[in-house]
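Residue-level structure breakdown
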Amino acid sequence: MLLVLAAAALAAGAFVLALVVFTGGGSLLPRISKPYFYEVNAPGAPKPSYLFGTMHVAYSVDDLPRAVLAAQDRTTTTVLESDLEARAAAPPPAPGSATTTGGGRRRLDDAEWAKLSEMTGMPEAELEAQSTSRLLGAALATMLPPVEAMDRGLQRRARQQGKELAYLEARNLEQVIADDGGLENGKVLDGLRNAIQHRGAFRAELVKIASRYARGDDRACAGSLGELVVGLNDDWEAAIQAHIRRGDAFIAIGCGHLIGEGSIVERLEARGFTVTRVP
């Protein structure tokens, strides 16, 4: 169950969880030997594009294989889930704010709030104003040594090279979950409680998931929020196709969007694109 909840948290999307400087396992984790990395060709496109599945925990851009970074270097446009630099610069909600989806104290009991405050170093009143997904991200960020989130590192790298940047998602995860009906107070809250109550076991599961990602094991990217991931694929499919038809794009999205039924890879192949996983 912990593995399912941890995977659900990771599958939920980079565009909120990567607001925090996320986690890195250092010597605990193997190098990434089989990335979720694809060359995509569209009929008539002047150049190929590349599709890369990111991991929202444990690894940074510095851990990526050279072939992935070289593909970003030679393309003109980097496409990401959302503008993480802008989100990181946004001020956090004020304590007691009524505008944050899922806020309030009743989600956790007194002992859980106290433990979460101890874990994060944040006052309980400040935590209570945060959405459940943000609290889960904050809890996960305490479990391994901190590194810059992979997605944000790719954005920073593109900006430093003067590349065009494009984004698939304008909403944040709190808005997406609210639109999806009840996930905020269901699976995400279950994940938060387990992260608080079973921190050591949850940390071990994160290491297991990250190690699977490094080996290219699809179980690393499959979470219990599959309906949310497929819904985002519905929203993003047209924009991703448009970038690939223009060619010369490097598209980085969570690896959960690239595997299984309804995945972006499956959809592209059904539309006549040639999708080849790069060794």
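Residues numbered from 1 in each chain as written. Predicted model: local features only at pLDDT ≥ 70, side-chain atom pairs only at ≥ 80, totals over all residues. Heavy atoms only, no water.

This part takes up the overall build of the chain. From N to C terminus, the chain includes 13 helices and six strands. Taking all 279 residues of the chain together, the buried fraction comes to 56%. In the chain, of all internal contacts separated by at least 6 residues, the share reaching a separation of at least 24 is 84%. A total accessible area of about 11,300 Å² is found for the chain, and carbon and sulfur atoms account for 51% of it. (Helix = DSSP H or I, 4+ residues; strand = E, 2+ residues; numbered from the N terminus. Buried < 20%, exposed > 50% of the residue type's maximum accessible area, 1.4 Å probe, protein only. Contact = heavy atoms within 4.5 Å. Areas by Shrake-Rupley, 256 points an atom, 1.4 Å probe, with all protein chains shown as cover.)

Mapped onto the secondary structure, Glu 81 falls in the loop between β3 (77-80) and α4 (84-89). Classification of Glu 81 as buried rests on a relative accessible area of 2%.

This brings us to the packing of aromatic side chains. Taken as a whole and judged by the stated rule, the model has four aromatic pairs. When the centroid spacing of 5.7 Å and the interplanar angle of 25 degrees are considered together, the rings of Tyr 36 and Tyr 213 count as stacked. Of this pair, Tyr 36 sits in strand β1 (residues 36-41) while Tyr 213 sits in helix α11 (residues 199-215), placing them 177 residues apart in sequence. Across the pair, Tyr 213 and Tyr 36 agree in class, each one buried. Ring centres 5.8 Å apart and planes at 25 degrees place the aromatic pair Phe 37 and Tyr 50 in the stacked group. Here Phe 37, found in strand β1, pairs with Tyr 50, found in strand β2 (residues 49-54); they are 13 residues apart in sequence, far enough to count as distant. Per residue, the accessibility class of Phe 37 equals that of Tyr 50, and both read buried. Joined through ring pairs, the aromatic side chains of Tyr 36, Tyr 59 and Tyr 213 make up one cluster. Above the ring of Tyr 36, the side-chain terminus of Arg 277 is found at 4.6 Å from the ring centroid. (Phe/Tyr/Trp six-rings, centres within 6.5 Å; stacked < 30°, edge-to-face > 60°. Lys NZ or Arg CZ within 6 Å of the ring centre and 35° of its normal.)

One open sheet holds the six strands; their spatial order is β4-β3-β5-β2-β1-β6, and the pairing between them is mixed. Of all the strands in the sheet, the pair left with one neighbour each is β4 (164-167) and β6 (274-277). Adjacent strand axes in the sheet meet at a mean angle of 20 degrees when their direction is disregarded. In this sheet, β6 lies alongside β1 in antiparallel orientation, the contact comprising four bridges. (Pairing = 2+ DSSP bridges. Axes fitted to C-alpha atoms, helices over the stretch in contact; angles between N-to-C directions.)

It is worth spelling out the nonpolar core at this point. Within the largest apolar cluster, 53 residues are counted, with the highest numbers of intra-cluster contacts made by Leu 51, Phe 52, Tyr 59, Leu 64, Leu 154, Tyr 213 and Phe 250. If you look at the next biggest cluster of nonpolar residues, it comprises 17 residues, including Leu 136, Ala 195, Phe 202 and Leu 206. (Core = buried A, V, L, I, M, F, W, Y, C linked by side-chain atoms within 4.5 Å.)

Further remarks concern the state of the cysteines. All chains considered together, the criterion is met by one disulfide. Residue Cys 221 pairs covalently with Cys 255 via a disulfide, S to S 1.9 Å. Where Cys 221 bonds to Cys 255 through sulfur, the torsion about that S-S bond is close to -105 degrees, and the disulfide is left-handed. Note that Cys 221 is positioned in the loop between α11 and α12 (226-246) and Cys 255 in the loop between β5 (249-254) and α13 (264-270), a separation of 34 residues in sequence. (Disulfide = S-S within 2.5 Å.)

Turning our attention to α11. Here α11 contains 17 residues, and its C-alpha end-to-end distance of 25 Å stays within 8% of the 24 Å for a straight helix at 1.5 Å per residue. Turning to α11, its buried residues number three or more, namely Phe 202, Glu 205, Leu 206, Val 207, Ile 209, Ala 210, Ser 211, Arg 212, Tyr 213 and Ala 214. Looking one or two residues past α11, Gly 216 carries a phi angle of roughly 80 degrees, positive in sign. (Expected span 1.5 Å × (residues − 1).)

The buried fraction of β5 amounts to six of the six residues, a majority that puts the element mostly inside the structure. Two strands pair when backbone bridges link them, and β2 and β5 are joined in this way by five bridges, in the parallel orientation. Across the sheet, Tyr 50 pairs through a bridge with Phe 250, a residue of β5. As paired elements, β3 and β5 share four bridges and run parallel to each other. Directly across from Val 79, in β5, lies its bridge partner Ile 251.

With that settled, consider the packing of helix α3 (residues 66-74) against helix α8 (residues 150-160). Angle between the axes and distance between the axes are the two parameters that describe a pair of packed helices. Interhelical geometry of α3 versus α8 gives an angle of 40 degrees and a closest axis separation of 11 Å. With respect to α8, the axis of α3 lies oblique. Considering only the axes of α3 and α8, their crossing is right-handed. The segment α3 lies against α8, with Arg 66, Leu 69, Gln 72 and Asp 73 engaging Leu 154, Arg 157 and Ala 158. (Parallel < 35°, antiparallel > 145°, perpendicular 65-115°, else oblique. Left-handed = near helix turned anticlockwise from the far one by under 90°.)

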